[in-house]
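If you want the building blocks of each chain, they are given just below.
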Amino acid sequence: MKRSATRDTPGTPGSAPGAARRRGRPLGRPLRHPVAVVCLVLLALIVAASVCAPLLTSASPTRATLADAFAPPGGGHPLGADSVGRDVLARLLYGGRVSLLGGFIAVAVALLIGVPTGLLAGYYRGRLDAVISWLASLVMAAPAIMVLLVSIAAIGPDTNATMAVLGIILAPGGFRLVRASVTSVREELYVDAARVSGLGDTRIVRRHILPVVQAPTIVQSAQMFGVAVVIQAGIEFLGLGSAGQASWGAMLNDAFANLYTKPSLLVAPGLAIVITVAALGLLANALRDALLETDTPAARRPGRPGAARPSALPARGDDSLLAVENLRVTYPARDGERTVVDGVSLTVRRGEVVGLVGESGSGKSQTAFAILGLLPPEGRSEADRLSFDGRDLRALGRKERNALRGCRIAYVPQEPMSNLDPAFRIGTQLIDPMRRHLKLTAREAREKALALLERVGIAEPERVYHAYPHQISGGMAQRVLIAGAVSCDPDLLIADEPTTALDVTVQADVLDLLRELQRERRMGLILVTHNFGVVADICDRVAVMRSGQVVETAPAERLFTEPRHEYTRMLLDSTLENTPPRTPLRQAPATGTSLQEKV
Ligand SMILES: Nc1ncnc2c1ncn2[C@@H]1O[C@H](COP(=O)(O)OP(=O)(O)OP(=O)(O)O)[C@@H](O)[C@H]1O
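Treat the numbers as computed from the prediction; the structure is a model and nothing was measured. (Residues numbered from 1 in each chain as written. Predicted model: local features only at pLDDT ≥ 70, side-chain atom pairs only at ≥ 80, totals over all residues.)

Notes on the overall build of the chain
Selection criterion: Counting from the N terminus, the helices are the DSSP runs of H or I reaching at least four residues and the strands are the DSSP runs of E reaching at least two. A residue pair is marked as a contact if its C-beta atoms, positioned from the backbone, fall within 7 Å.
Scanning the chain for helices and strands turns up 24 helices and 11 strands. Sequence-distant contacts, at least 24 apart, represent 72% of the contacts inside the chain between residues at least 6 apart.

Shown next as structure tokens:
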């Protein structure tokens, strides 16, 4: 296992080239993203205007001149004056300082608490992790607004202190994000290799862990900043901020009190808040696209250094479609319980094909069923995390889970024939889910079903539509099931050995169809298989399972060229032995190409 891992890190494992190259990337990349650039420019202008307020206006933001009350724009007041004659422009510019400083304080406190605790908990796990996670849950469980109000009552109306308290409230979000990122990377072989070669924890964290944490933290900071600006404005609006200072929230308060006399007073602070928050929100989105793009399948090209980082993408809600962490499935047994899935962690991103391979009985199907929520009643599953598109699947009731299944998460089973009800025509079986999930009329559903049958390559859709399952072939039945699975446009498709029961002559066609549909619809696809040929054909990333555990996760190409786990090598050897069509893949290590790129 270590043989290949140390190839990654010759001499000093800490110098893993992937990590080293990654480090330089994140901060420059957003500058190539137009939305990020526009947002950054806007925010820079807002910051500059606030910082340079004394240069841009000579008026005081707090001096009231009753004679100027409600003065229209022009003359001494370019944007007019408020109800007590204070200059609106000056208040807007100086108010920006308060809002931005408040946001900065909140984010800084959240990061100062969240990042180190997340690193410690994710890296050392165990009791420390349990205690910090428990504290984080406790803070998250407390109603934020109540905590803020109580803190204001205790500390007094001090905006900056209140923002520091808000930072504490936001810290668990940062903690969870960092912890999840660290968890996803700490089991990587290059981290193991670094440990084995005696590198200290601090160095490992700095070299291998921090580069992975950096991008999601930046993205979340932008989001937290937006939240903080809004909350800060709300506190000022309620008159709970520092007395007498100009702020956007205080301006809104004054404008609201004079809503009927001079509604235009709402415009300046309202626009300032909306533009700032929208720019921060869009910036966060753009940063996510820009900073995390390394990890999308599209960005993964053969030989690309980032490809050596199989599951380094943090298992976060923001770009992973499915995130599974420490999944366990157990069944009652005579001597207690039997664990058939033991600590499986897996992420699937939109548009990514993840293969789940392993010999029979290794727990592939049980993992898939646990994700689908389809375990038999005696089966028990638990996970540290099981989220789909940001939703915690563990928290969903039976009804909500059913609503997701078949609609946003679809399933293609192993045995096509036994998964079609022999008592109903194909058409009836296809249109039922569409009518239920998509609320289509019978006519619309029929049209869509026919179009789908045609799309999956069935030559006579009308005939098959009216046929009973026993009247069609196995290959056709599998196409029908695939048509049914994609009929409600799922985001995630789980295909469990979709070609095993088929004649070899149609297996390739069905795989091609799955791949085409997956690309067309940008679905995440989990492909359960024991066939490495299938993996080589269509998977972006692969998780190899043995005895209920994932022993290795790697980009498909790397798995074939550099299998790192003994078991993977054994599986490959046994699968690929004497199979001439696969020889090019087996020859790859001998070329040294991939190795060269790594060292
Ligand atoms: N209902 C059940 N009760 C007890 N054990 C079960 C049950 N269903 C499955 N198992 C056990 O769980 C383990 C994993 O089974 P699973 O079907 O996930 O394997 P697999 O890797 O998908 O294999 P295959 O490729 O043969 O489908 C097996 O040892 C199996 O015996």
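Having seen it, we continue.
So, the site of the ligand
To keep things clear, this is the line we draw: Nearness here is judged by the C-beta atom: place it from the backbone, and if it falls within 6 Å of a molecule or strand, the residue counts as near that partner. Under this grouping Gly is polar, as are all residues other than the nonpolar Ala, Val, Leu, Ile, Met, Phe, Trp, Tyr, Cys and Pro and the charged Asp, Glu, Lys and Arg.
Around the ligand sit 13 residues in total, of which Val340, Ser360, Lys364, Ser365 and Gln366 are the nearest. Among the elements that make up the shell around the ligand, the one with the highest residue count is helix α13 (residues 364–372) (three residues). Tallied by class, residues from the shell around the ligand come to three nonpolar, nine polar and one charged.

Remarks on the nonpolar core
The cut-off we apply is this: Note on terminology: a nonpolar core is any set of buried Ala, Val, Leu, Ile, Met, Phe, Trp, Tyr and Cys residues joined through C-beta atoms within 7 Å. Field definition: a residue is buried when 20 or more other C-beta atoms are found within 10 Å of its C-beta, exposed when 12 or fewer are, and partly exposed for counts in between, with C-beta atoms placed from the backbone.
Among the nonpolar cores identified, the biggest contains 81 residues, and Leu493, Ile494 and Leu527 are the most heavily contacted of them. The element best represented in this core is helix α18 (residues 474–486), accounting for eight residues. In this view, Ile494 contacts Ala368, Ile371, Leu372, Ile409, Tyr411 and Ile526; residues no more than four positions away in its chain are not counted. Listed in part, the 69 residues of the second largest apolar core include Ala36, Leu89, Val98 and Val115.

Considering the sheet that holds strand β8 (residues 492–496)
Defined as follows: Two strands make a pair as long as DSSP finds a minimum of two bridges between them. Only the stretch in contact is used when a helix axis is fitted, and all axes are lines through C-alpha atoms; the angle between N-to-C directions ranges over 0 to 180 degrees.
Taking strand neighbours across the sheet as the criterion, the six strands line up as β7-β8-β9-β3-β10-β11 in an open arrangement whose pairing is mixed. On the outer flanks of this sheet lie β7 (409–412) and β11 (549–555), each paired with one strand and no other. On average, adjacent strands in this sheet sit at an angle of 15° to one another, irrespective of strand direction. Where strand β10 (residues 541–546) lies against β11, six bridges are found, and the strand directions are antiparallel. Counted as the bridge partner of Ala543 is Thr553 from β11. Strands in contact with α18 are β7 and β8; relative to β7, the strand with the most contacts, it is inclined by about 175°.

Some words on the pairing of β7
Both faces of β7 are covered, namely the face carrying Ile409 and Tyr411 and the face carrying Ala410 and Val412. Pairing analysis gives four bridges linking β7 to β8, with the strands arranged parallel. Directly across from Ala410, in β8, lies its bridge partner Leu493.

A word on the UniProt feature "transmembrane region" (unreviewed entry) in the chain
Cut-off, in case you're wondering: UniProt positions are given in the numbering used here, feature names are shortened, and annotations may be inferred rather than shown by experiment.
UniProt feature "transmembrane region" (unreviewed entry): in the numbering of this structure it lies at residues 31–56, 100–124, 131–155, 161–178 and 265–287. As annotated, residues 131–155 has a helix share of 92% and a strand share of 0%, and its two end C-alpha atoms lie 28 Å apart. As annotated, residues 161–178 has a helix share of 100% and a strand share of 0%, and its two end C-alpha atoms lie 25 Å apart.

Digging into unusual backbone geometry
With a phi angle near 50°, Asp489 is a residue other than glycine that sits in the positive phi range. Look at Asp489 and you get exposed, because 12 C-beta atoms sit within 10 Å. Positive phi outside glycine occurs at Glu497, with the angle close to 45°. If you trace the backbone, Glu497 turns up in the loop between β8 and α19 (504–521).

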